[in-house]
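Remarks on the overall topology
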Amino acid sequence: MKNFLPLAAFLRQPWPVRVIWSLLAIELCLALVERQWPLAGVALFTFGLTLVPLYVSSRIGISMPTALVVAITGFIFATIFLGEAFDFYNRFWWWDIALHGGSALGFGLVGFMFVFMLFEGDRYAAPRWAMALMAFSVAVTIGAVWEIFEFGMDQIFGTNMQKSGLMDTMGDLIVDVIGGALGALAGWAYLYGRGPGFTRAFFEDFVARNRRFFRKIGNRVGRR
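In this text the structure is predicted, and so the values were computed from the model without any measurement.

Thresholds applied
Residues numbered from 1 in each chain as written. Predicted model: local features only at pLDDT ≥ 70, side-chain atom pairs only at ≥ 80, totals over all residues. Heavy atoms only, no water. Helix = DSSP H or I, 4+ residues; strand = E, 2+ residues; numbered from the N terminus. Rg over C-alpha atoms; globule rule 2.2 N^0.38 Å. Buried < 20%, exposed > 50% of the residue type's maximum accessible area, 1.4 Å probe, protein only. Contact = heavy atoms within 4.5 Å. Areas by Shrake-Rupley, 256 points an atom, 1.4 Å probe, with all protein chains shown as cover. Lys, Arg positive; Asp, Glu negative; His and termini not counted. Charge placed at Lys NZ, Arg CZ, Asp CG, Glu CD. Expected span 1.5 Å × (residues − 1). Polar contact = N/O pair within 3.5 Å; in protein donor to acceptor, adjacent residues only side chain to side chain. pLDDT = per-residue confidence, 0-100. Axes fitted to C-alpha atoms, helices over the stretch in contact; angles between N-to-C directions. Parallel < 35°, antiparallel > 145°, perpendicular 65-115°, else oblique. Left-handed = near helix turned anticlockwise from the far one by under 90°.

Digging into the overall build of the protein
For the protein, the helix and strand inventory stands at nine helices and zero strands. Reading the secondary structure of the protein in the N-to-C direction produces α-α-α-α-α-α-α-α-α. Over its C-alpha atoms the protein spans a radius of gyration of 19 Å, differing by no more than 12% from the 17 Å that the globule rule assigns to 224 residues. Expressed as lengths along the three principal axes of its C-alpha atoms, the size of the protein is roughly 60 × 45 × 25 Å. Residue burial in the protein is summarised as follows: out of 224 residues, 41% are buried. Put simply, 70% of the contacts in the protein that link residues at least 6 apart link residues at least 24 apart. With the model as given, the accessible surface of the protein reaches about 12,300 Å², and the carbon-plus-sulfur share is 69%. When the 19 basic and 15 acidic side-chain charges of the protein are each reduced to a single mean position, those positions are 18 Å apart.

Describing unusual backbone geometry
Although it is not a glycine, Asp87 sits at a positive phi angle of roughly 55°. Residue placement: Asp87 occurs in the loop between helix H4 (66-85) and helix H5 (88-91). The phi torsion at Glu120 lies on the positive side, around 55°, for a residue other than glycine. Looking at the element boundaries, Glu120 is found in the loop between helix H6 (95-118) and helix H7 (128-157).

What to know about H6
For H6, spanning 24 residues, the distance from its first C-alpha to its last is 34 Å, which sits close to the expected 34 Å at 1.5 Å a residue. Where H6 ends, the next residue or the one after it, Glu120, has phi of about 55°, a positive value.

Brief notes about the environment of Asp87
Take Asp87: its relative accessible area is 33%, and that puts it in the partly exposed class. Here Asn90 takes part through its side chain, which lies 2.8 Å from a polar atom of the side chain of Asp87.

A few points about the confidence of the model for the protein
Predicted confidence across the protein gives a mean pLDDT of 85, with 92% of residues reaching 70 or more. Mean pLDDT values over the elements of the protein span from 69, in helix H1 (residues 7-12), up to 94, in helix H2 (residues 15-33). The model gives residues 220-224 a pLDDT under 50, and that stretch makes 19 contacts with residues more than four places away or in other chains.

Observations regarding the packing of H2 against helix H3 (residues 37-60)
Here H2 crosses H3 at 155°, and the two axes come no closer than 8 Å. Relative to H3, the element H2 lies roughly antiparallel. As for how H2 packs across H3, the hand of that crossing is left-handed. On H3, the residues that touch Trp21, Leu24, Glu27, Leu28, Ala31 and Leu32 of H2 are Trp37, Leu39, Ala40, Ala43, Leu44, Thr46, Phe47, Thr50, Leu51 and Leu54.

Encoded structure:
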């Protein structure tokens, strides 16, 4: 995408993404008509955040798999809009745990792809456990940065993203560690030609879309 998200690019996005954008647009219009400025601000802010991954990927020339685009957009929508504007965090006790667990698993998978891309797809460039450890570190780092973001939102805008404070933060970090470890483990299994089918499909789709970053992907799988 040479220009940032023209109309044609919007229409090419997966239908779940377009549905979320449509819901946000409707809520924004209703909030403006009813003069609910905080709700309008949250809807607009959520929409802006969903555009960030698309913008970044277009700028650095990485094509994201459809499943990843939908997952990121859905996570932002569920976290910022449903979680805060509609108070899903308090309505459903499991909401925060489910979001952090799912996102941490995704971060682990993405972290492994990032590490694997740095080695241009060479399975022998580093020990497999080291690649998995680096992927795990990426996932946990992103989780920690998100906790800092929640703290900043609470302090600056008066939100309640941290809920019970320290207990909520530590619980989220523990879930991040577990999810990140599972994602990294899936990457480790992928290097041996194993692992759950959906994770292998994700890795293979990412590699196929960004072949130029994986010039050494042809190396055969083998044990060290």
